[in-house]
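Spelled out, the chains give:
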Amino acid sequence: MSSEPQRRGSREAYDYDEGNGYPSEQHALRLRWVSSRASNQSYPQHDLSSTPAEENEEGDSGPPRDLRAIPLPMALKRAVRQVQQMQVPVVSSRQSWRRKRTKSLHELKEKARESLYFFTLWRKSLQKIGGNFGGGVQSYFLFLRFLVVLNFVSFLLIAGFVLIPSIVFRSAGTSLINSTGPDECKVYDPNSQGLVEFYKYFLDLLSGTGFMEYSYLFYGYYSNTMVENRNVSYNIPLAYLFTAIFYFVFCLICIIARMGTTARVAVATGGSAVGNYSVIVFTGWDYGCQGDRATKLKQKNVHYRLQVDLEEESRKKRAAALTLCQKIALYSLRVFMCFVAFGLIIAAFYGIFVATNFSQTKSGEEGILGLFFEYLPSIVITTGNFVVPLLCDQIALLERYTPSTTVIVALLRAVFLRLVSLGVLLFTLWDQITCKGDIDSHDCKLCQYNYKVHPCWETRVGQEMYKLTMFDLLVNIALLVLVEFPRRMVVDNWSSKLAQWVGRQEFVVSTNVLGLVYGQTVVWTGALFCPLLPLINTIKFVLLFYFRKVTLFYNCRPALKTFRSTTSTFFFLVVLTFGWCLATAVMIYSLAEIRPSMGCGPFRFFPSMWSIVPTSFYRLSTITQDFLFFIGSQAFSIPLFALSCVVMCYFIALASVYGKSVALLRAQLKLEGRDKQFLVKQIEKLSRQHQILKHTAGAYE
Amino acid sequence: MGNKQTIFTAEQLDAYQDCTYFTRKEILRLFDRYRDLAPQLVPLDYTSQPDVKLPYELIGSMPELKDNPFRQRIAEVFSEDGEGNMTLDDFLDMFSVLSEMAPRDIKAYYAFKIYDFNNDDFICKSDLEKTLNKLTRSELTEDEVRMVCEKVIDEADLDNDGRLSLEDFQHMVVRAPDFLSTFHIRI
């Protein structure tokens, strides 16, 4: 073929070792090629003798993706393929080897993707949920699945480095440092009951006391021994500490990695709210939606979204048209309502504080009443988390924000409430353990912590977190059985005005996500003190997945108000990061500031949990010590810091350059459109003049 | 890997694999779905490339398509004759573009064609009105329809000719994060 030499020559210009992405020039060329064809007819004629630039794209028979991405009907694509195959590529052996390598790599990737597809957890359920209820609800379940996997992997980590060595080396090993300190502090006797009633086992299971307290579940059972045989040497306390720290770092890395994938999408779209209507009209319809009912609901949903946007516009116009007096009135109302909401939240916090203190004073009670007092902080927190957002919603209605702002404001208030109420609970515990921070007060002077009330304070904190987790699960089960199913049965079978007004339950994504974030924050806070908590949480979240799925399909109707799914996934992860920060603050404080209990745990007799690191450090060989000192010294860290600053500046500059070039190209597109119109007008003018001239010339004859 | 199928020649299957985003297994599964629509019309032996077209009514009755308000346009765009009667090639093409592996560009191209009701390679106001009515079951008032159409053209029309060309559409779709996941039919 005549165009072959050109094809061969320019084939080298394209580098196909880039893996997935196409080079950008090729991308632009394809767009232009596609558009030039589109302007012909519905099925563009395939022109094999077209310009060399276009030829190069199909000419390369390397990755078969090119053929698939051509918008031609199948028969024409097959013709192109035949043409491609008929040409005998005279290439160097190096090129053919490269091409074979890319092809086999491509096939390997496809096989890997297929097998990974098979192993994805709950794939079919999520598809079904997405098809019937839309992207917003599906994003909740995707988030839940992410948390299940995160917790399970963390559990494997903890089991591998802390639990199994502890079990294996339970009896072996020598204590790391000699016992120091007054003998009263070392008294810790959790199994002092002797014979107990049967039902007490059940109560102990729920509150982590009794037979559950002195077990692998809590911090107090782990030994502070180090095993040093000829074959193996394992420092259990050091492993405990490093596993806890690594667990936090690992969770943060997972969250950031997941944020990165969603943020990339958000950045690529420019992140602007412009294009709202066109986005809803052209991408609002989910083609995967099946079923008559789901379709009708989806149509109602699209209708609602368009109406909401139109209403926001008219509201903005009205807000802009307000007089000064009305504006002042509105803003002062908003400030006042903000204070009211704040006041409600502070009242909830005070309630939690009082309840925790009261629960501590009544900690010796027996039976069901004792269980009630144990769970009192959890009960108060849950009630607060339920009641206060309801009131905040009513307040938000009075504030008359636009609908989207209302949702975000309500969500932020609920997040604040949940996380800080957990913080208040922890503060109350800290209060008791460290005698309000005053180490020299009477109770805390001997051991630097309140040894009378909390002989093993870490286990106590672990128990509180365990109780919060269990209570959360129990409340979910209770709500499912006692509220959601009955509500559906009443609404379906009892046709009265009241039942119709109440209606079937709506699946509100944001509240459920906050519940997940809260549960995960509790687990993170408690992981240092209750190493098996990630496993319990994995089981809890798996159960929660199935409960929520059941309630979704049987009891709920899809929410009319929807959240834009990609931005909301990012928002969930940001809120999760807040929870992570709270848990990290707690962990750092307990590692560094509070003296570990002397009666229990792997860090007994150490002045602080962190001090095991220097102790073990000095047992390393001199060379390792010198190396590690060098890494920590200024000679290494300052150049490293400078280098990372340079790398960061480079990426920031690159990102801003891309942003600027996108804006420039957009402006250029606009200008080209205007140029086209101008030229079209000129052509019309000239042709009219030409016509007039012809007429006058004809008239003269 | 079970080379025992006799429906297609190996060459045909390779060609399908190169021209669509499906694997061998998926192509055979799709052929079964195609055949299930009309077992008496579709032969089991495609090695001789028979010319078999299924009428639009059968295609439109597939569970994946039957509730989709745009099913007629989808069938028209992907069918050879433009009427919605699809051969196996058209069928595979259609689901390949609508699968999750297809990249944004080709999806945008075909989505543009689907929303272009009068096939003039531009989405004009009347096309937009028809799209809106199909999307909302004609429940928007005339005023609202008019306002939304104006806003859409305002936002997306870059060359200011009052209608959307393919470039405008593709430019808008790039900024829509959900497009890849909504323009997707699982089969």
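On a predicted model such as this, the values are computed, not experimentally measured, just so you know. (Residues numbered from 1 in each chain as written. Chains lettered and ligands numbered in written order. Predicted model: local features only at pLDDT ≥ 70, side-chain atom pairs only at ≥ 80, totals over all residues. Heavy atoms only, no water.)

1. Remarks on the overall build of chain B
Cut-off, in case you're wondering: Every helix listed is a DSSP run of H or I at least four residues long, and every strand listed is a run of E at least two residues long, numbered separately from the N terminus. When accessible area is computed with a 1.4 Å probe and restricted to protein chains, residues below 20% of their type maximum are described as buried, those above 50% as exposed, and intermediate ones as partly exposed. Here, residues are in contact when the closest pair of their heavy atoms is within 4.5 Å. Under the convention used here, a 1.4 Å probe and the Shrake-Rupley method define accessible areas, while residue burial counts only the protein chains that appear. Charge counting follows a simple rule: Lys and Arg are positive, Asp and Glu are negative, and His as well as the terminal groups are ignored. To locate a charge, the coordinates of NZ of Lys, CZ of Arg, CG of Asp or CD of Glu are taken.
Broken down by element type, chain B carries 10 helices and 0 strands. Along the three orthogonal principal directions, the C-alpha set of chain B runs to about 60 × 30 × 25 Å. Within the span of chain B, comprising 187 residues, buried residues form 57% of the whole. In chain B, once contacts between residues fewer than 6 apart in sequence are set aside, the share between residues at least 24 apart is 55%. As displayed, chain B has an accessible area near 7,800 Å², and 47% of this comes from carbon and sulfur atoms. Measuring between centres, the 22 positive side-chain charges of chain B sit 5 Å from its 38 negative side-chain charges.

2. Description of the packing of aromatic side chains
Basically, it comes down to this: The pairing test for Phe, Tyr and Trp rings, Trp by its six-membered ring, is centres within 6.5 Å, and the orientation test on the planes gives stacked under 30 degrees, edge-to-face over 60, and tilted for anything in between. Criterion for a charge above a ring: Arg CZ or Lys NZ at most 6 Å from the ring centre, at most 35 degrees from the ring normal.
Evaluated as defined, the whole model comprises 46 aromatic pairs over all chains. Here the aromatic residues F282 and Y287 of chain A together with F70, F112, Y115, F169, F179 and F183 of chain B are joined through ring pairs into a cluster of three or more. The side chain of R418 of chain A reaches across the aromatic face of Y518 of chain A, ending 5.3 Å from its centre. Over the face of the ring belonging to F122 of chain B we find R163 of chain B, whose NZ or CZ atom lies 3.8 Å from the ring centre.

3. Examining the nonpolar core
The nonpolar side chains of soluble globular proteins are, as a tendency, buried together. Definition in use: The definition of a nonpolar core used throughout is a set of buried Ala, Val, Leu, Ile, Met, Phe, Trp, Tyr and Cys residues joined through side-chain atoms within 4.5 Å.
Counting residues in hydrophobic clusters, the biggest one holds 107 residues, and the most contacted among them are Y140, F141, F143, W524 and L576 of chain A. Considering each element in turn, this core owes the most residues, 14 residues, to helix α8 (residues 135-168) of chain A. Beyond its immediate stretch of four places on either side in the chain, F141 of chain A contacts L126, I129, F507, F545, R548, K549 and L552 of chain A. Of all hydrophobic cores here, the second largest spans 79 residues; its members include I70 of chain A together with L54, A156 and L166 of chain B.

4. Structural notes on the sheet that holds strand β1 (residues 174-175) of chain A
All names here are of chain A. Note the following rule: Paired strands, as defined in this entry, are two strands with at least two bridges between them according to DSSP.
The strand order across the open sheet formed by 3 strands is β1-β2-β3, and the pairing between neighbours is antiparallel. A strand with exactly one partner marks an edge of an open sheet, and here the two such strands are β1 and β3 (233-235). Strand direction decides the pairing type here: β1 and strand β2 (residues 225-228), joined by 2 bridges, are antiparallel. Paired with T174 across the two strands is M226, which belongs to β2.

5. Points about the state of the cysteines
Filter applied, for reference: Cysteine sulfur atoms are paired as a disulfide whenever they come within 2.5 Å of each other.
Applying the stated rule across the entire model yields 1 disulfide over all chains. The side chain of C456 of chain A participates in a disulfide bridge whose partner is C600 of chain A; the two sulfur atoms lie 1.8 Å from each other. Where C456 of chain A bonds to C600 of chain A through sulfur, the torsion about that S-S bond is close to 95°, and the disulfide is right-handed. Of this pair, C456 of chain A sits in the loop between α16 (403-433) and α17 (457-493) while C600 of chain A sits in the loop between α21 (565-592) and α22 (612-617), and the two are 144 residues apart along the sequence. Across the pair, C600 of chain A and C456 of chain A agree in class, each one buried. Free of any disulfide, C149 of chain B has its nearest neighbouring cysteine sulfur in C124 of chain B, separated by 9.9 Å.

6. Regarding helix α15 (residues 376-399) of chain A
Defined as follows: What a helix should span is 1.5 Å times the count of its residues minus one.
Over its 24 residues, α15 of chain A runs 34 Å from end to end, which matches the ideal 34 Å to within 8%, given 1.5 Å per residue. If you check which residues of α15 of chain A are buried, you get L376, P377, S378, I381, G384, N385, V388, C392, I395, A396 and E399 of chain A.

7. What about the side chain of Q463 of chain A?
Residues and elements named next belong to chain A. Tracing the backbone through its elements, the reader meets Q463 in helix α17. Residue Q463 is classed as buried on the basis of its relative accessible area, which comes to 4%. Not counting the four nearest positions on each side in its chain, Q463 is found in contact with S207, G208, T209, E213 and F218.

8. Some words on unusual backbone geometry
Residue and element names in this part refer to chain B. You will see that N119, though not glycine, has its phi angle at about 55°, which is positive. Of note, N119 is situated in the loop between α6 (104-115) and α7 (125-136). Of note, D121 is a non-glycine position whose phi angle comes to about 65°, a positive value.

9. Quick word on the UniProt feature "domain: EF-hand" (unreviewed entry) in chain B
Note the threshold: UniProt positions are given in the numbering used here, feature names are shortened, and annotations may be inferred rather than shown by experiment.
Feature annotation in UniProt assigns "domain: EF-hand" (unreviewed entry) to the following positions: residues 103-138 and 144-179 of chain B. Annotation note: span residues 144-179 of chain B, helix share 64%, strand share 0%, distance between end C-alpha atoms 24 Å.

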